[in-house]
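Report on the structure
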Amino acid sequence: MRLREYEGKRIFAEAGIPVPAGRIVRSVGELGDLSCFGERVVLKAQVDVGGRGKAGGVVICPVHEAPARAAELFGRTIRGLPVTEILVEECLPIAHEYYCAVLVDRSTRQPVVLFTEAGGVEIEETARQDPDRIRRFDVNPLLTELPSFAVRDLIGRAPKALGPMVSALYRVFVAKDALLAEINPLVVLDDGRVVAADAKVIIDDNALARQGFEQNRDLTEREAEAERHGFSYVELDGEIGVIGNGAGLTMATLDLIEQYGLRAANFLDVGGGADRERVAHAVRLLAGAPGVRVIIVNLLGGITRCDEVARGIIDAGIPQRVIVRMAGTNEAEGRALLTEHGYEMYDSMDRAVAAAAEAGA
Ligand code: GDP
Ligand code: MN
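Now for a look at the structure at hand. Keep in mind the model is a prediction, meaning the values are calculated, not measured.

Turning next to the sheet that holds strand E3 (residues 58-62). One open sheet accounts for four strands, arranged E1-E6-E2-E3; its pairing is antiparallel. Among the strands making up the open sheet, the edge pair consists of strand E1 (22-25) and E3. With direction set aside, neighbouring strand axes in the sheet form an average angle of 25°. One ladder, built from five bridges, connects strand E2 (residues 40-45) with E3; its direction is antiparallel. Bridging across to E3, Lys 44 finds its partner in Val 58.

Glancing now at the coordination of the manganese ion (ligand 2). Summarising the metal site, the manganese ion (ligand 2) is bound by the protein donors Asn 184 (O) and Asp 198 (OD), whose distances to it range over 2.1 to 2.2 Å. Residue Asn 184 is located in strand E10 (residues 178-189), and its partner Asp 198 is located in the loop between strand E11 (194-196) and strand E12 (200-203); the two are separated by 14 residues in the primary sequence.

With that settled, the discussion passes to the pattern of salt bridges. Applying the stated criterion across every chain yields a total of 26 salt bridges. Residues Asp 198 and Arg 52 are paired through a salt bridge, measuring 3.5 Å at the closest nitrogen-oxygen approach. Placement of the pair is Asp 198 in the loop between E11 and E12 and Arg 52 in the loop between E2 and E3, with a sequence separation of 146 residues. Arg 52 shares its class with Asp 198; the two are buried. In this structure, Arg 321 and Glu 344 form a salt bridge, with 2.7 Å as the shortest nitrogen-oxygen distance. In this pair, Arg 321 sits in strand E17 (residues 321-328) while Glu 344 sits in strand E18 (residues 344-346), placing the two residues 23 residues apart along the sequence. Through salt bridges with shared partners, a single network forms among Glu 5, Lys 9, Lys 44, Arg 52, Glu 89 and Asp 198.

Cut-offs used in this document
Residues numbered from 1 in each chain as written. Chains lettered and ligands numbered in written order. Predicted model: local features only at pLDDT ≥ 70, side-chain atom pairs only at ≥ 80, totals over all residues. Heavy atoms only, no water. Pairing = 2+ DSSP bridges. Helix = DSSP H or I, 4+ residues; strand = E, 2+ residues; numbered from the N terminus. Axes fitted to C-alpha atoms, helices over the stretch in contact; angles between N-to-C directions. Donors = N, O, S within 2.8 Å, 3.2 Å for Na, K, Ca; no water. Salt bridge = Lys/Arg side-chain N within 4 Å of Asp/Glu carboxyl O. Buried < 20%, exposed > 50% of the residue type's maximum accessible area, 1.4 Å probe, protein only.

The following block contains the structure:
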């Protein structure tokens, strides 16, 4: 789970990494007296997207303009996400922007620390064009501290004051069960002080309970409903709704959809032994998702009975086209019911997906 910037900064502050003075507001009215911030403030939309600054989510303005600029920001969406929280901060006199991150490198199966003096909003560009400017140190996961030679090599000729920040970031990464702890930019100010101007922390979902974070807090409404019904559900951005039983069969259906040049709207595994009611819930859930034009139901009857599934699909009575592939227990009864109600049923998943493709779905 990705933490919001202000949550990441709170963790940094506790670990001894200096962060700008700031506070979170959820409306213009909450701005109150900003004189403590000096002449200028930074307004930062708390949206979980990369490239927020470039997309207009970071506003630097004189204090007296803050209410108007905050109102503007609250009325906007940043890369599709509404702005509901703004972090108001003192404006730092930045002399130079560095980048430092600790993450899990899946290829080496170890943490890796990255550092570059080319920090800031163009970091992705640097990684592409000039990857040698980013120094790295692979960390033996048995180490609880970064060795001092590693810190020295990472920061190179950058100011020594950055060293303790790098060490502290590694400690945060370990202590918080993080998959990523990133500071971009890590700034040196005109007076030589070092501050984390941004924070991106991703906590391993399996560690949320131990770290005291609420599980599933970032679920969409549909994801929350799927959770209530016990479906394994992931939203994607295509137009073909998918219902399967078993993760393997459902994934295979997604692959086939992709192979036919179509795009899946979701992954939904109804689980074993799905009955009429569960199936109806699943079908309605997908029918309510924006952009879903066709739903492919791909189920193997075992404990799950094909006639129950057919009744569930009929009960749902959705306007979109439903293409069914079922095989197994009570298959003939299921087929009869579906045919009677005007639904298509195929006995191979290839033919079912082909039918969706032929209709130009
Ligand atoms: P991101 O685009 O979501 O990564 O947002 P950041 O918090 O990293 O801010 C983007 C850029 O805004 C930074 O790289 C800085 O150049 C600039 N910025 C952010 N905070 C300050 C500040 O306090 N003072 C100044 N001068 N620039 C800032
Ligand atoms: Mn940033």
